[in-house]
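# A structural walkthrough
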Amino acid sequence: MTPQPPMTGPGMMARPAPVEPNALQPVPVTGGQFTGNMGVGLTTLDRAVGWARANSIWPLLFGLACCAIEMMAMSAAKFDVSRFGAEVFRTSPRQSDLMIVAGRVSKKMAPVLRQLYDQMPEPKWVLSMGACASCSGVYNNYALVQGVDRIVPVDVYVPGCPPRPEMVIDGIIKLQAKITHDKQFGKKADRSPVAVTSAAV
């Protein structure tokens, strides 16, 4: 097969010369080093598991009051929490690892909330959404629990009445950072809560 001369002229591109089959030779590897565009990523198993858990959060579909409307808006197309890997809302606590307490908790609902929390597999986290869930808000009376942290341990507090979907997403991002840096194996890390401020959104 004889190579043809490249076609040139006004408005025409030069055709590259054909490559003979025997012209492709492997690049020799010398000195134990790779000469191609290859990379090696090093990490610990603890950090890799933390990264995987943080980016695949499955929240429990558990709305109690008007904050649940903002939680639904957070998972809809406009705000799209699926960008952060937390869009798979589950209706079963046995398939969830994040409980978003959206709204006020009555004393009648407190045992149900605790039972759902106990049915969630480890590791699990709790996000308190809104002023009513965090400290009962404007409802300072005998019928409501004055803060959901009296029933379950809370990891992230999101204030507001109701909080905007962006604030809840910011709370999920802070929870993801906390999960990533927590110790995944052995002794559990301290579950000190994180607060989301409105200035951060």
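In short, a report on the structure. (Residues numbered from 1 in each chain as written. Predicted model: local features only at pLDDT ≥ 70, side-chain atom pairs only at ≥ 80, totals over all residues. Heavy atoms only, no water.)

## Focus on the pattern of salt bridges
Using the criterion set out here, one finds 4 salt bridges in the structure. Between Arg114 and Asp118 there is a salt bridge, with the nearest N and O atoms lying 3.2 Å from each other. With Arg114 and Asp118 both in helix 3 (residues 110-119) and 4 residues apart, the pair spans about one turn of that helix. In this structure Arg114 comes out as partly exposed when scored by relative accessible area, which is 33%. (Salt bridge = Lys/Arg side-chain N within 4 Å of Asp/Glu carboxyl O. Helix = DSSP H or I, 4+ residues; strand = E, 2+ residues; numbered from the N terminus. Buried < 20%, exposed > 50% of the residue type's maximum accessible area, 1.4 Å probe, protein only.)

## What about the packing of helix 1 (residues 45-54) against helix 5 (residues 165-181)?
One way to put it is that helix 1 packs onto helix 5 with a least axis distance of 7 Å and a crossing angle of 160 degrees. It follows that helix 1 is roughly antiparallel to helix 5 by the angle criterion. Crossing geometry of helix 1 relative to helix 5 is assigned as right-handed. In contact with Gly50, Arg53 and Ala54 of helix 1, helix 5 contributes Gln176, Ile179 and Thr180. (Axes fitted to C-alpha atoms, helices over the stretch in contact; angles between N-to-C directions. Parallel < 35°, antiparallel > 145°, perpendicular 65-115°, else oblique. Left-handed = near helix turned anticlockwise from the far one by under 90°. Contact = heavy atoms within 4.5 Å.)

## A few points about the packing of aromatic side chains
Tallied over the entire structure, the rule returns 0 aromatic pairs. A cation over a ring is seen here: Arg90 above Trp58, with NZ or CZ 4.9 Å from the ring centre. Above the plane of the ring of Tyr117 lies Lys124, whose end atom (NZ or CZ) is 4.2 Å from the centre. (Phe/Tyr/Trp six-rings, centres within 6.5 Å; stacked < 30°, edge-to-face > 60°. Lys NZ or Arg CZ within 6 Å of the ring centre and 35° of its normal.)

## A look at the packing of helix 2 (residues 67-75) against helix 5
At their nearest, the axes of helix 2 and helix 5 sit 8 Å apart, and the two run at 75 degrees to each other. Of the possible angle classes, the one that applies to helix 2 and helix 5 is roughly perpendicular. Seen from helix 2, the contacting residues are Glu70, Ala73 and Met74; seen from helix 5, they are Pro165, Val168, Ile169 and Ile172. In terms of residue class, the contact of helix 2 with helix 5 is made up of 6 nonpolar, no polar and 1 charged. (Nonpolar A, V, L, I, M, F, W, Y, C, P; charged D, E, K, R; others polar.)

## Observations concerning the pairing of strand 2 (residues 98-102)
Within strand 2, 5 of the 5 residues are buried, leaving the element largely enclosed by the surrounding structure. Here strand 2 shows a buried face lined by Leu98, Ile100 and Ala102 and a second buried face lined by Met99 and Val101. Between strand 1 (residues 59-60) and its parallel partner strand 2, the chain crosses via helix 2, and the hand of that crossover is left-handed. The pairing of strand 2 with strand 3 (residues 125-129) spans 5 bridges and is classified as parallel. Across the sheet, the residue bridging to Ile100 is Leu127, located in strand 3. Tracing the backbone out of strand 2, into helix 3 and back to the parallel element strand 3 gives a crossover that is right-handed. (Right-handed = clockwise from strand over helix to strand, strands pointing away. Pairing = 2+ DSSP bridges.)

## Regarding the nonpolar core
Membership of the largest hydrophobic core comes to 24 residues, with the highest contact counts inside it found for Met74, Ile100, Leu127 and Met129. Secondary-structure elements contributing two or more residues to this core are helix 2, strand 2, strand 3, strand 4 (156-158) and helix 5. Of the residues forming this core, the biggest block, 6 residues, is contributed by helix 5. Filtering out sequence-adjacent residues up to four positions away, Met74 remains in contact with Phe79, Asp80, Val81, Phe89, Ile100, Pro165, Val168, Ile169 and Ile172. (Core = buried A, V, L, I, M, F, W, Y, C linked by side-chain atoms within 4.5 Å.)

## With respect to unusual backbone geometry
Put simply, Glu122 and Pro123 share a cis peptide bond, and its omega is -5 degrees. Cis geometry is found at the peptide bond from Cys161 to Pro162, where omega equals -10 degrees. One can find Pro162 in the loop between strand 4 and helix 5.

## Structural notes on helix 1
Within the sequence span of helix 1, burial applies to Val49, Gly50 and Ala54. One face of helix 1 carries all of its buried residues, which in axial projection span an arc of 130 degrees. Seen from the open side of helix 1, the exposed residues pointing more than 90 degrees away from its buried face are Leu45 and Trp51. In this structure, the buried residues of helix 1 make contact with helix 5. (Arc of directions from axis to C-beta.)

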